[in-house]
Amino acid sequence: MSQDMKSLKSEDHPLLDESKPFKKLLIDWFSENAKDYPWRTTSDPYEILVSEIMLQQTQVATVLDRGFYRRWLEAFPDFKKLADAEEVEVLRQWEGLGYYSRARNLHKLAKVVVYDMGNQFPKDPKAIETLPGVGRYTAGAVASFAFDLPVPAVDANIARVIARLFNFQERIDSSSGQKQIWAWAADLVPSSGGRIWNSALMELGQTLCGPRKTLCDECPIAASCQCVDPLDLPIKKLKPKATSVDEHVILNVINGNILLQKETGSRRKGMWKLPLRDENEMVKDNLIAVHKYGITRYKVSMHIYKFEDQNIHENEKWFSLDEIDLLPIPSPYRRALRLLENHFNQ
DNA sequence: ATCCAGGAAG
DNA sequence: CTTCCTGGAT
């Protein structure tokens, strides 16, 4: 039997043998230091699910300080209100958070819960995971936070904490690495109190056991931690370097109306942006600005040209300035529009 | 200016 | 294994 197979067995690991004092230390620390996030003071699966989807790939500060969570719950207080909302309004509420398929999937999910499940949100993590936009992590998070089930929910914080605790010297983003981390996470969850346990591990990763800063002196479970160089863990594949690309868009304003183009691809579908054009259609003298922004593995230089033309392409539409405020527009284009407002009246 | 962190789906 | 986005740290 290989070393890998052995470490998957919980009884073999010393950390798990003498797990009791270490678990209590972490839980006691958490009870003293827990932040009172709004999703921690509710057990409503809808409110918890919304927070988890928003927090996918997104910092707590963004979701809370910029009011996304509060505004969303005001606009869509429950599954039914969300299910019956217009997609354009759903995307508008999500604007600025990025990864807009999260919003479309959450919208879809609400329709499924309301109209296919009789407005009964499932409790079984496996059933939760079948919902659109919900993967293993989010399913575990909702099952443990809303229903207090003893299931693992490994987000990046918990993966980091576990990798360090067990001094895991393999990549955590390979399928075997994921398997090992999730197996340890499952071994660690106490049979009652899944909600507190997962919250505590997560909080530790957010506060004392960060990706680029560790406060091991203050860590309640430092004595049990197997890791030698915390900042070297977890090990992940390096990201490929960003490649530069140019895009050429037009500011086409006629009679105070501006032309915008709707995204039709499967991912940013439904978002509006400045119309794309071929570079060779553009006249250099009409270039009014170049904005740079990053998107996935690209560094984009957005070249904006003044371009008056009544002829429009497919999926393009004229909007008044007031209407623009109500449209879902990705952040780089929203920024560009704000900066270009003074060009609108010429 | 550049780098980095952060889940799900295709 | 790649694609989707953004804000904050460096």
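The structure we're discussing is the one just above.
These figures come from a predicted structure and were not determined experimentally.

**Student:** What am I meant to see in the overall build of chain A here?
**Tutor:** Each helix and strand in chain A was counted, giving 16 helices and 7 strands. Residues classed as buried in chain A amount to 48% of the 346 residues present. Long-range contacts, defined as pairs at least 24 residues apart, comprise 68% of the intrachain contacts of chain A with a sequence gap of at least 6. A total accessible area of about 18,300 Å² is found for chain A, and carbon and sulfur atoms account for 49% of it. Computing the positive centroid from 46 side-chain charges and the negative centroid from 47, chain A places the two 2 Å apart.

**Student:** What exactly am I supposed to notice about the protein's contact with DNA strand C here?
**Tutor:** Around DNA strand C, 19 residues are found, and the nearest of them are Arg268, Gly294, Thr296, Arg297 and Ser331. Expressed as a percentage, the sugar and phosphate content of the atoms of DNA strand C within 4 Å of the protein is 65%. Between a base nitrogen of DNA strand C and a side-chain N or O atom of Tyr99, the distance comes to 3.0 Å. Within the residue set of the surface near DNA strand C, elements represented by two or more residues are strand S5 (287-295) and helix H16 (331-339). At 3 residues, H16 tops the list of elements feeding residues into the surface near DNA strand C. For the surface near DNA strand C, the per-class residue count stands at 6 nonpolar, 6 polar and 7 charged.

**Student:** Where do I start with the packing of helix H12 (residues 156-165) against helix H13 (residues 175-188) in this structure?
**Tutor:** The relative placement of two packed helices is expressed as an angle between their axes plus a distance between the axes. The N-to-C vectors of H12 and H13 enclose an angle of 90°; their axes lie 10 Å apart at closest approach. Judged by the inter-axis angle, H12 sits roughly perpendicular to H13. The segment H12 lies against H13, with Ala159, Ile162 and Ala163 engaging Ile181, Trp184, Ala185 and Leu188. For the contact of H12 with H13, the class distribution of residues is 7 nonpolar, no polar and no charged.

**Student:** I keep staring at the pattern of salt bridges and nothing clicks. Help me out?
**Tutor:** Pairing is possible between side chains that carry opposite charge, provided their charged atoms lie close to one another. Per the counting criterion, the structure on display carries 12 salt bridges. Here Arg277 makes a salt bridge to Glu316, at a shortest N to O gap of 2.9 Å. Of this pair, Arg277 sits in the loop between strand S4 (272-273) and S5 while Glu316 is found in strand S7 (residues 316-320), placing the two residues 39 residues apart along the sequence. When sorted by exposure, Arg277 lands in the same class as Glu316, which is buried. Each of the salt bridges in this network shares a partner with another, and the network as a whole consists of Lys35, Arg40 and Glu203.

**Student:** Please explain the packing of H12 against helix H14 (residues 194-207) as it appears in this structure.
**Tutor:** Axis separation between H12 and H14 bottoms out at 8 Å; the angle between their running directions is 80°. Overall, the two elements H12 and H14 adopt an arrangement that is roughly perpendicular. From H12, Asn157, Ile158, Arg160 and Val161 reach across to H14, where they touch Asn198, Leu201, Met202, Leu204, Gly205 and Gln206. For the contact of H12 with H14, the residue count by class is 5 nonpolar, 4 polar and 1 charged.

About the cut-offs
The residue numbers shown here count from 1 along each chain, following its written sequence. Chains and ligands are labelled sequentially in the order written, the chains with letters from A and the ligands with numbers from 1. Local features in a predicted model are, by the rule used here, given only for residues with pLDDT of at least 70; side-chain atom pairs are given and counted only at 80 or more, and totals for whole chains, interfaces and linings are based on all residues. Side-chain metrics rest on all non-hydrogen atoms present in the structure, leaving aside hydrogens and water. The numbering of helices and of strands both runs from the N terminus, where a helix is a DSSP run of H or I of at least 4 residues and a strand a run of E of at least 2. Note on exposure labels: buried denotes an accessible area under 20% of the residue type's maximum, exposed denotes more than 50%, and partly exposed covers the range between, all computed with a 1.4 Å probe on protein chains only. Contacts are assigned to residue pairs with any non-hydrogen atoms lying within 4.5 Å of each other. Accessible areas in this description were obtained via Shrake-Rupley with a 1.4 Å probe; residue shielding takes into account the shown protein chains only. Charge counting follows a simple rule: Lys and Arg are positive, Asp and Glu are negative, and His as well as the terminal groups are ignored. One atom stands in for each charge, and that atom is NZ of Lys, CZ of Arg, CG of Asp or CD of Glu. Throughout, the term near means that a residue has one or more heavy atoms lying within 4 Å of the molecule or strand in question. Whenever two N or O atoms come within 3.5 Å, that pair is a polar contact, provided that in protein one can donate a hydrogen and the other can accept it, and provided that, for residues adjacent in sequence, both atoms are side-chain atoms. Ten residue types, Ala, Val, Leu, Ile, Met, Phe, Trp, Tyr, Cys and Pro, are classed as nonpolar, four, Asp, Glu, Lys and Arg, as charged, and the remainder, Gly among them, as polar. A fitted line through C-alpha atoms represents every axis, and for helices the fit uses only the stretch in contact; the resulting angles, taken between N-to-C directions, go from 0 to 180 degrees. Each angle is binned into one of four classes, with values under 35 degrees roughly parallel, values over 145 roughly antiparallel, values of 65 to 115 roughly perpendicular, and all other values oblique. A pair is scored as a salt bridge if a Lys or Arg side-chain nitrogen falls within 4 Å of a carboxyl oxygen belonging to Asp or Glu.

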